[in-house]
Amino acid sequence: MKNINPTSTTAWQELLDHYKTAKSLNLKEAFQNNKNRAEELTLTDGDFHVDLSKNLITKETQGKLVDLANECRLSDAIDSYFGGEKINATENRAVLHTALRTNNTDSPVAGNISAAIASKEKMFAFVDAVNNGTITAANGQKFNTVVNIGIGGSDLGPVMIYEAMQAYKNDLTLHFVSNVEGDHVEEVLKKINPETTLFVIVSKSFGTQETLTNSTTIRNWFKEKVNPEAVAQHFIAVSSNIQRAVDFGIQEENIFPMFDWVGGRFSLWSTVGMSVALSIGSKNFQGFLDGAQEMDTHFKNSSFDKNIPVQLALLTIWYNNFYKAQSEAVIPYTQYLHRLPAYLQQAIMESNGKSVDRNGDRVTYETGNVVWGEPGTNSQHAFFQLIHQGTKLIPAQFIAFAKAKYNQPDHHNKLMANFFAQTEALMNGKTKEEALKDHKDSGKTVSEIEHLVPFQVFEGNKPTTTILIDELTPQSLGKLVAMYEHKIFTEGVIWNIYSYDQWGVQLGKVLADAILTDIESSKSDGHDSSTNALLKRFYSRNK
Ligand SMILES: O=P(O)(O)OC[C@H]1O[C@H](O)[C@H](O)[C@@H](O)[C@@H]1O
C-alpha cells in the first residue's frame, strides 16, 4: 500500500477550504431548500438502507471526501486487502478475515480460502455432532451448557453475536469467562453443572494471561468435581498455536485451528465463533458468514459515492479531522445489540488508535475516533441530554430493524417512533418561539416563562446517520459487522496508519507482569511514590 500523508493531498486542502463555508450548514434549511436531499444522500444495498442526509454534508462535501479517498489510493488498498498482501506490515501478516466468509476459491488467496473452508468444516462437523448428541459429555448425556474462556477478540465478538442471536439459539446455554478477576470465574462456576458442560478455550496465541489463568482454574475445578479423565471430552481449544494447546492438555483432535492472517478482533468469523456456532447451529452460522460476504461484495464493487462502508468512514474523517469531533456514538434500537458498542470499541479503537504513520513518523493530524453507545430507547433516558444540549459535537449512528422478532406491534411501533423522533429532534432542535409556545396556557407568569425558556431551547443541527435494516437475522448481523470492519479499514488507509497491529496492548501486558512479580513478594519500593503507596495500601487491606 502506498504511504500517502492525507494532509498533503489536494483534496485535503480543498476540504479545509470547503469546511470554512460548510460549517455554517443548517440541516433544517438544507432539507427545506432541497426536496431531494434524503434521496440524494441515501445508500442502499438489499436489506440495508443507510440515510446520510441528516449529516453536516452536501453533495459537494461528499464529492471532495471521495476525491480524498481516491488520492489516498483507496482502490489499490482494497485490492491489497482482499488480495492477501501483508498489509499488517509491522507483524508481516496478511489481513484476510474476508477469506473466512467466501466459498469462491477462484481468487488470489485461494490457498487461504481452502484452509478456511477446511477449518470451518471441521468446526461445523463438531457443532452438528454436539447438537445432535453424537458427541456427548463423559457421562453420555447431551451437553446443555458451553463456557467460552477467552478475552478481547476471543470474547467480545462471540458475546456480541450470542446476545444478538437470542431468537435463533437452541437449548444450549452459553457463559463467558473473560476477566482475570477470580470473582468472575466463581460466579460462572456457581451456575453450571460440570457433568454437562463443554469448555471452549479460545486464544489465538494460547499465551494470554487472563485466558490461561481462567482455563487452569476451571480445569482444576472440573477435575475435582468430575474426574481428571473426563477433561479430554469436556475441554476443546481454538488457537493458532496448536503446540501450546496440546501442552495445556487438550487432545489434538479437539483443537480447532485459526490462522495468523486473521486478527483477534476480526476473528469472530473463524473457529473463534465455535461457542456461538454451537448455540445457533451451523446453518445459522453460515448465514452470518453469507451476510458478511454480501457486504464484502458491496464494498469491493460499489463506486465510492455509493459505497456504504466508504461513506461512513469518510463521514468519520469529516467530523474527526475537520469538525474536530472527539467521539461518535452507536445507538442500536434493539436490546439484542446491547454488546455491539463494546465489540466495536475493540474493533475500532484497537485498530485505529495509532499515532505513528506508515513511514514511522508521528502523525500531525487526529486519528482513531472514540466510539461508545448503548441501546435506544434506554440511552435516551441516560446520556442523550448531552448529545441534545451539551457543548460537544457527537455524530451518532442510529441502527434499527424494520421488523421485530416477536409480534408485539404496540412495542415495536413505540420503539420505532422513538428511533425516528430522536434523529429528527437532534436535527431540528427547538427554537425560542417553539419553547415559548409550550408555555401557552401553563398559568406561569411572563417572568417565570422568560426565566425557563433559555434552558428549553435546543440548538439542533446535530448530525446522525440512520441505518435501517429489514430484520435482525444471522445474515444481516454478519453484514452489519462486516460494514464496520470495512469502515475501519478505509479510515486506516486515509489516516495512513497500520490498523492491524496493537503494540500498545502488548506494553500493558509486560508492565502487569512486572508488577505481579512485586505483588507476589509483597514488594512496594520499586515504583513511583504513587504506585508504591497504592501497593502498600493494597497489601494492608487485602486481608
Ligand atoms: O486470542 P488471544 O491470543 O488470547 O488474544 C486476546 C486479545 O489479546 C490482546 O488483548 C489483543 O490486543 C487482542 O486483539 C486479542 O484479541
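Throughout, residues of each chain are indexed from 1 in the direction in which the sequence is written. The predicted origin of the model limits local features to residues at a pLDDT of at least 70 and limits the giving and counting of side-chain atom pairs to 80 or more, whereas totals for whole chains, interfaces and linings rest on all residues.

As recorded in an unreviewed UniProt entry, the chain goes by the name Glucose-6-phosphate isomerase, listed as coming from Nonlabens xylanidelens. UniProt positions are given in the numbering used here, feature names are shortened, and annotations may be inferred rather than shown by experiment. According to the UniProt record, the Catalytic activity (unreviewed entry) comment for the chain is "alpha-D-glucose 6-phosphate = beta-D-fructose 6-phosphate". Note on the chain: under the UniProt heading Subcellular location (unreviewed entry), the record states "Cytoplasm".

Here exposure depends only on C-beta density: within 10 Å of a residue's C-beta, 20 or more other C-beta atoms make it buried, 12 or fewer make it exposed, and intermediate numbers make it partly exposed, the C-beta atoms being placed from the backbone. Secondary structure elements follow DSSP: runs of H or I of four or more residues count as helices, runs of E of two or more count as strands, with numbering from the N terminus. In terms of burial, strand 8 (residues 327–332) is largely enclosed, as 5 of its 6 residues are buried. Handedness of a crossover: with both strands directed away from the viewer, a clockwise path from the first strand across the helix to the second marks it as right-handed. Following the chain from strand 8 across helix 14 (residues 340–352) to the adjacent parallel strand 9 (residues 370–372), one finds a crossover that is right-handed. A pair of strands is considered paired only if DSSP assigns at least 2 bridges between the two. Pairing between strand 8 and strand 10 (residues 396–403): 4 bridges, direction parallel. If you follow P332 over to strand 10, its bridge partner there is I399.

UniProt's entry tags E350, H381 and K509 with the feature "active site" (unreviewed entry), counted in the numbering of this structure. These annotated residues cover 160 residues of sequence, and their C-alpha atoms sit far apart, with the largest distance between any two at 37.1 Å. For E350, the position within the fold is in helix 14. Think of it this way: build a C-beta for each residue from its backbone, and any pair within 7 Å is a contact. Those residues in contact with E350 that lie beyond four places of it in its chain are R265, Q502 and V505. With respect to the secondary-structure elements, H381 resides in the loop between strand 9 and helix 15 (384–389).

Before going further, it helps to examine the domain arrangement of the chain. The start and end points of each domain follow an automatic or database-based domain assignment. Domains assigned within the chain are domain 1 (12–83 + 302–428 + 463–495), domain 2 (97–284) and domain 3 (505–540). A C-alpha centroid distance of 32 Å is found between domain 1 and domain 2. Listed per partner, the contact involves 18 residues of domain 1 and 21 residues of domain 2. Elements that contribute at least two residues to the side of domain 1 that touches domain 2 include exactly helix 14 and helix 19 (474–495). The leading source of residues in the side of domain 1 that touches domain 2 is helix 14, at 7 residues.

What follows deals with the site of the ligand. Close to the ligand lie 14 residues; G152, G153, S205, T208 and G264 are nearest. Gly is put with the polar residues, along with every residue not named as nonpolar or charged; the nonpolar set is Ala, Val, Leu, Ile, Met, Phe, Trp, Tyr, Cys and Pro, and the charged set is Asp, Glu, Lys and Arg. Residue composition of the shell around the ligand, grouped by class: 2 nonpolar, 9 polar and 3 charged. Residues are counted as near a molecule or strand when the C-beta atom, derived from backbone positions, lies within 6 Å of that molecule or strand.

On to the environment of H175, then. Within the secondary structure, H175 sits in strand 4 (residues 173–177). Residue classification places H175 among the partly exposed residues on the basis of 18 C-beta atoms within 10 Å. When the C-alpha positions of H175 and G84 are compared, they lie 35 Å apart, and in sequence the two are 91 residues distant. Ignoring any residue separated from it by four or fewer positions in sequence, one finds H175 in contact with T145, V147, V188, K191 and I192.

Fitted lines through C-alpha atoms give the axes, limited to the stretch in contact for helices. The angle between two N-to-C directions lies from 0 to 180 degrees. Relative to each other, helix 12 (residues 274–301) and helix 19 sit at 40 degrees, their axes nearing to 7 Å. The orientation of helix 12 relative to helix 19 falls into the category oblique. Regarding helix 12 and helix 19, the two cross each other, and that crossing is right-handed. When helix 12 is examined against helix 19, the residues I280, N284, G287, F288, L289, D290, G291, A292, E294, M295, D296 and F299 are found in contact with a partner set consisting of P474, Q475, S476, L477, G478, K479, V481, A482, M483 and H486. For the contact of helix 12 with helix 19, the class distribution of residues is 11 nonpolar, 7 polar and 4 charged. Here is the rule for angles: anything less than 35 degrees is roughly parallel, anything more than 145 is roughly antiparallel, 65 through 115 is roughly perpendicular, and the remaining ranges are oblique. Each crossing gets its hand from how the near helix is turned against the far one by less than a right angle, where anticlockwise is left-handed and clockwise is right-handed.

Here the focus is the confidence of the model for the chain. Residue-level confidence of the predictor is summarised by pLDDT, bounded by 0 at the bottom and 100 at the top. The predicted model of the chain averages 97 in pLDDT, with 100% of residues at 70 or higher. Among the prediction metrics, the complex's ipTM stands at 0.98, with pTM recorded as 0.97.

Remark: helix 13 (residues 308–322) packs on helix 19, axes separated minimally by 8 Å, with the N-to-C direction vectors making an angle of 50 degrees. It follows that helix 13 is oblique to helix 19 by the angle criterion. For helix 13 against helix 19, the interelement crossing comes out right-handed. Between helix 13 and helix 19, the contacting residues are I308, P309, V310, L312, A313, T316 and I317 on the first element and M483, H486, K487, T490, E491 and I494 on the second. Its residues assigned to classes, the contact of helix 13 with helix 19 shows 8 nonpolar, 3 polar and 2 charged.

With mixed pairing, the 6 strands of this open sheet are ordered in space as 1-2-11-10-8-9. On the outer flanks of this sheet lie strand 1 (42–45) and strand 9, each paired with one strand and no other. Mean inter-strand twist for the sheet, computed between neighbouring axes without regard to direction, equals 15 degrees. The sheet contact formed by strand 1 and strand 2 (residues 48–51) spans 4 bridges and is antiparallel. Considered in strand 2, the bridge of T44 is made with H49.

What follows concerns helix 1 (residues 10–22). By this rule the span expected of a helix is its residue count minus one, scaled by 1.5 Å. The end-to-end C-alpha distance of helix 1, which contains 13 residues, comes to 18 Å, matching closely the 18 Å that a straight helix rising 1.5 Å per residue would cover. Three or more residues of helix 1 are buried, namely A11, W12, L15 and H18. Each buried residue of helix 1 lies within a common arc of 120 degrees when the element is viewed along its axis, so the set occupies one face. Of the exposed residues in helix 1, those oriented more than 90 degrees away from the buried face are T10, Q13, D17, K20 and T21. Packing partners of the buried residues in helix 1 comprise helix 4 (59–71) and helix 13. Arc, as used here, means the arc of the directions from the helix axis to the C-beta atoms.

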